Amino acid sequence: MNAPNRFVMPSPLDELRAAFPDATLVPQVTADGIPTIWVARTEIVAVARFLRLHALRTYPMLLDLHGVDERMRVHRPVGTPISDFTLIVHLTSPFHSHDVRLKVALAGEPPTAPTLSGVYPNADWYEREAFDMLGFHFEGHPGLRRILMPPTWPGHPLRKDHPARATEAGPFRLTMEKREQEMAALAFDPADWGMKRERERSDFMFLNLGPQHPGTHGLLRFVLQLDGEEIVRAIPDIGYHHRGAEKMGERQSWHSYIPYTDRVDYFSGVMNNLGYLMSLETLAGIQVPARAATIRVMMSELFRLCSHLVWLGTFAQDIGALSPVFYMFTDREKAFDIVEAVTGGRMHPAWFRLGGTAADLPNGWERLFREFLDWLPPRLDEYEKLVMGSAILKARTVGIGEFNLEEALDWGVTGAGLRALGVDWDLRKARPYSGYENFTFDVPTANRGDAWTRSWVRFQEMRESLKIIEQCVANMPAGPYKADHPLTTPPAKERTMHDIETLIHHFLGVSWGPVIPAGEACIPIEASKGVTGWALTSDGSTTSYRTRIRTPSFAHMQMIPLLTAGGTIADLMAILAAMDFILADLDR
């Protein structure tokens, strides 16, 4: 008897070859296993549109878009096009949890490609960033201008010939000419922002909100076009918190960059280490022991709670409730007591290491966690009534800043914002990593994309984090806290005293750090604010050739014009409060 026919889903490359028989499509093998395809510059828009709308397994979300300066790279993938620069487009499907990576070889000055903003609206900011950082030009882009650097900045910081350290540049001098140039650049002209000064029979009012405003939680500016109290358009002006995190990632050794990762989403601590190290371990082929993986999960979920508690307190504070933030900071201090006992640090412990953690759990760690597990749940019950059940808070957030599923996919929404629309896409479930497949927990979802519903989903996530931590405490595996691998662990002390070769190996491994095999990898994780991805390119050296950080705050902030149109300034404050963004996560 013949076996029944089984339909096998074709690969993205097979589908593209069938749809574009005359196109030049070159596959590339990467360490992370994501299908990676080189596409001609003239065909990238058509290919992206096909993958979004017509493929058997569509890719409705642009997860990331960035570039690489290839001019100093030594170990290029065999058989791939030679280029001065490479444009990288990372597409994903939250419904099938599959990714595809498109690459375009660029040459000439300036490197030029057609814009993808007509296919994926959120390509707008990503292309502006590639223009700002690498000098890429995108034909047809609606407003190609700098986004992170000041408009007067010379050069493009992520090019290899741009200085990486202050010692590589001359001393700063503020001449009168430069002062006048900087002052002229600060002058406000609505036309530069795509806004009109007037309409028939009335003038618009323009309000500068920030960059010093308590509702923006730091250096973030909005230019508001107002018709009375109604917002006609609200445009974010970002970059005030930009510190060159990606450039630093290409300057530091693989090990010495770990503390820098803590400062990206600075409320999520070691969770930043996890995303970075998982991509690095994928490049190096390192298998993390079960105990180390479980410790990582436990500490990451503890920091997810820390982040969510700060968000909940400041969310209530921005709406006008001043008391809750003091209660929730008290709870976070309880969590930080555990972090300090385990790692020796508090907010930025930088404790994860290549292949595991910096040390094993200390004696008495179970008691600390169990006390916290007893402490927090009843307080969450109180907060659900005090904050989420507040009639005033609901009046300020229900129906405010609402978007639908199509808009969420257009603008790259991940995390609680997407789950509030009923999409149960959580990478801990959909694409388990670090042993998350061994834990029982739910993915909270809802069916409305307004500020209150997004907040409710985020609040429920705290209860699920407690479940995961409780299972870690009850089922912590025995074994090593770090992989026994030459790139993670120096030779034993007694061997270094035996021969000079082993001593040299120990010295170089500690002082210079590991040499990571050439390749590319990005392992996205479900961070506290959405999907975070560290796309690392190794050129077979002790440092990263290209470090790209995909952060959720950058994608979410781009939606502000959509979320605020027709609302009031008070609505803008509520929308920002419910967003759960971090400026270092936004600007990097």
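This text goes with the structure placed above it.
So, here's what we can say about the structure. (Residues numbered from 1 in each chain as written. Predicted model: local features only at pLDDT ≥ 70, side-chain atom pairs only at ≥ 80, totals over all residues. Heavy atoms only, no water.)

**Focus on helix 17 (residues 500-511)**
Here's step 1: End to end, helix 17 covers 16 Å across 12 residues, agreeing with the expected 16 Å (1.5 Å per residue, within 8%).
Here's step 2: At the exit of helix 17 stands Gly513, carrying a positive phi of roughly 95°. (Helix = DSSP H or I, 4+ residues; strand = E, 2+ residues; numbered from the N terminus. Expected span 1.5 Å × (residues − 1).)

**Some remarks on the sheet that holds strand 10 (residues 205-209)**
Here's step 1: Ordered by their spatial adjacency, three strands build an open sheet running 10-13-14, and the pairing between neighbours is antiparallel. Taken across any chain shown, the strands that pair with only one partner, and hence form the sheet edges, are strand 10 and strand 14 (230-237). Averaged over neighbouring strand pairs, the angle between their axes works out to 20° when direction is ignored.
Here's step 2: Packing against the sheet, helix 20 (residues 569-579) makes contact with strand 10, strand 13 (221-227) and strand 14, and its axis sits at approximately 145° to strand 13. (Pairing = 2+ DSSP bridges. Axes fitted to C-alpha atoms, helices over the stretch in contact; angles between N-to-C directions. Contact = heavy atoms within 4.5 Å.)

**Examining the packing of helix 8 (residues 290-319) against helix 10 (residues 365-388)**
When two helices pack together, their arrangement is captured by the angle between the axes and the distance separating the axes.
Here's step 1: Contact geometry of helix 8 with helix 10 gives a least axis separation of 12 Å together with a crossing angle of 25°. By the angle between their axes, helix 8 is roughly parallel relative to helix 10. Judged by the twist between their axes, the crossing of helix 8 over helix 10 is left-handed. Counted together, Met298, Met299, Leu302, Leu305, Leu309, Leu312, Phe315 and Ala316 of helix 8 and Trp365, Phe369, Phe372, Leu376, Tyr383, Val387 and Met388 of helix 10 form the full contact between these two elements.
Here's step 2: Here the contact of helix 8 with helix 10 is built from residues that sort into 15 nonpolar, no polar and no charged. (Parallel < 35°, antiparallel > 145°, perpendicular 65-115°, else oblique. Left-handed = near helix turned anticlockwise from the far one by under 90°. Nonpolar A, V, L, I, M, F, W, Y, C, P; charged D, E, K, R; others polar.)

**With respect to the sheet that holds strand 3 (residues 61-69)**
Here's step 1: Strand order in the open sheet formed by five strands is 1-2-5-4-3, with mixed pairing between adjacent strands. Whereas interior strands pair on both sides, the edge strands pair on one side only; in this sheet they are strand 1 (25-28) and strand 3. When the angles between neighbouring strand axes are averaged without regard to direction, this sheet yields 25°.
Here's step 2: Pairing analysis gives three bridges linking strand 2 (residues 36-39) to strand 5 (residues 98-106), with the strands arranged parallel. Bridge pairing in strand 5 places Ile37 opposite Leu102.
Here's step 3: Lying over the sheet, helix 2 (residues 44-53) contacts strand 2, strand 4 (85-93) and strand 5, oriented at roughly 175° with respect to strand 5.

**Digging into the pattern of salt bridges**
Here's step 1: Tallied over the full model, the rule gives 44 salt bridges.
Here's step 2: A salt bridge links Glu384 to Arg463, with the shortest nitrogen-to-oxygen separation between them at 2.7 Å. In this pair, Glu384 sits in helix 10 while Arg463 sits in helix 15 (residues 451-474), placing the two residues 79 residues apart along the sequence.
Here's step 3: One salt bridge connects Lys467 with Asp442, and the closest N-O pair in it is separated by 3.4 Å. A residue pair is termed long-range when its members are at least 10 positions apart, and Lys467 in helix 15 and Asp442 in the loop between helix 14 (427-430) and helix 15 qualify at 25 residues.
Here's step 4: One salt-bridge network, held together by shared partners, links Asp64, Glu129, Lys160, Glu246, Glu250, Arg546, Arg548 and Arg588. (Salt bridge = Lys/Arg side-chain N within 4 Å of Asp/Glu carboxyl O.)

**Quick word on a nonpolar patch on the surface**
Here's step 1: A grouping of Met497, Ile500, Leu503, Ile504, Phe507, Leu508 and Trp512 is seen on the molecular surface, where their side chains present a nonpolar patch of about 730 Å² in accessible area.
Here's step 2: Relative to the assigned elements, Phe507 resides in helix 17. (Patch = residues over 30% accessible without salt bridge, like charges linked within 9 Å, V, L, I, M, F, W, Y side chains within 5 Å. Areas by Shrake-Rupley, 256 points an atom, 1.4 Å probe, with all protein chains shown as cover.)

**Describing unusual backbone geometry**
Here's step 1: Between Glu109 and Pro110 the backbone carries a cis peptide bond, its omega angle lying at 5°.
Here's step 2: Following the sequence through the fold, Pro110 ends up in the loop between strand 5 and strand 6 (112-114).
Here's step 3: With phi around 50°, Ala350 is a residue other than glycine that occupies positive phi space.
Here's step 4: Positionally, Ala350 belongs in the loop between helix 9 (324-343) and strand 15 (352-353).
Here's step 5: The class for Ala350 is buried, based on a relative accessible area of 10%.
Here's step 6: The backbone of Ser434 shows a phi angle near 50°, a positive value even though the residue is not glycine.
Here's step 7: Here Ser434 shows up in the loop between helix 14 and helix 15.
Here's step 8: Relative accessible area serves as the criterion here: at 17%, Ser434 is assigned to the buried category. (Buried < 20%, exposed > 50% of the residue type's maximum accessible area, 1.4 Å probe, protein only.)

**Things to note about the side chain of Arg546**
Here's step 1: The residue Arg546 is located in strand 20 (residues 544-550) in this model.
Here's step 2: Using a relative accessible area of 4% as the deciding quantity, one classes Arg546 as buried.
Here's step 3: Of note is the side chain of Arg546, whose polar atom sits 2.8 Å from the backbone oxygen of Gly67.
Here's step 4: Not counting residues within four places of it along the chain, the set of residues in contact with Arg546 comprises His66, Gly67, Val68, Leu158, Glu246, Glu250, Ala535, Leu536 and Thr537. (Polar contact = N/O pair within 3.5 Å; in protein donor to acceptor, adjacent residues only side chain to side chain.)

**What about the side chain of Thr537?**
Here's step 1: Checked against the element boundaries, Thr537 lands in strand 19 (residues 530-538).
Here's step 2: Each residue touching Thr537, except ones within four places of it in the same chain, is listed here: Arg73, Trp254, Gly519, Glu520, Ser544, Tyr545 and Arg546.

**Description of the nonpolar core**
Here's step 1: One finds Leu51, Leu102, Met299, Leu312, Phe369 and Met557 to be the most contacted residues of the largest nonpolar core, which totals 154 residues.
Here's step 2: Looking at this core, the element that brings in the most residues is helix 8, giving 14 residues.
Here's step 3: Leave out the neighbours within four places in its chain, and Leu312 touches Met328, Tyr383, Val387, Met388, Phe459 and Met462.
Here's step 4: With five residues, the next largest nonpolar core counts Tyr266, Phe267, Val310 and Ala584 among its residues. (Core = buried A, V, L, I, M, F, W, Y, C linked by side-chain atoms within 4.5 Å.)

**A short note on the packing of helix 15 against helix 20**
Here's step 1: Taken N-terminus to C-terminus, the directions of helix 15 and helix 20 make an angle of 20°; their axes are 9 Å apart at the nearest point. Put simply, helix 15 runs roughly parallel to helix 20. For the pair helix 15 and helix 20, the sense of crossing is left-handed. Along the contact surface, helix 15 presents Ala451, Ser455 and Arg458, while helix 20 presents Ala574, Ala578 and Met579.
Here's step 2: A breakdown of the residues in the contact of helix 15 with helix 20 according to their chemical character gives four nonpolar, one polar and one charged.

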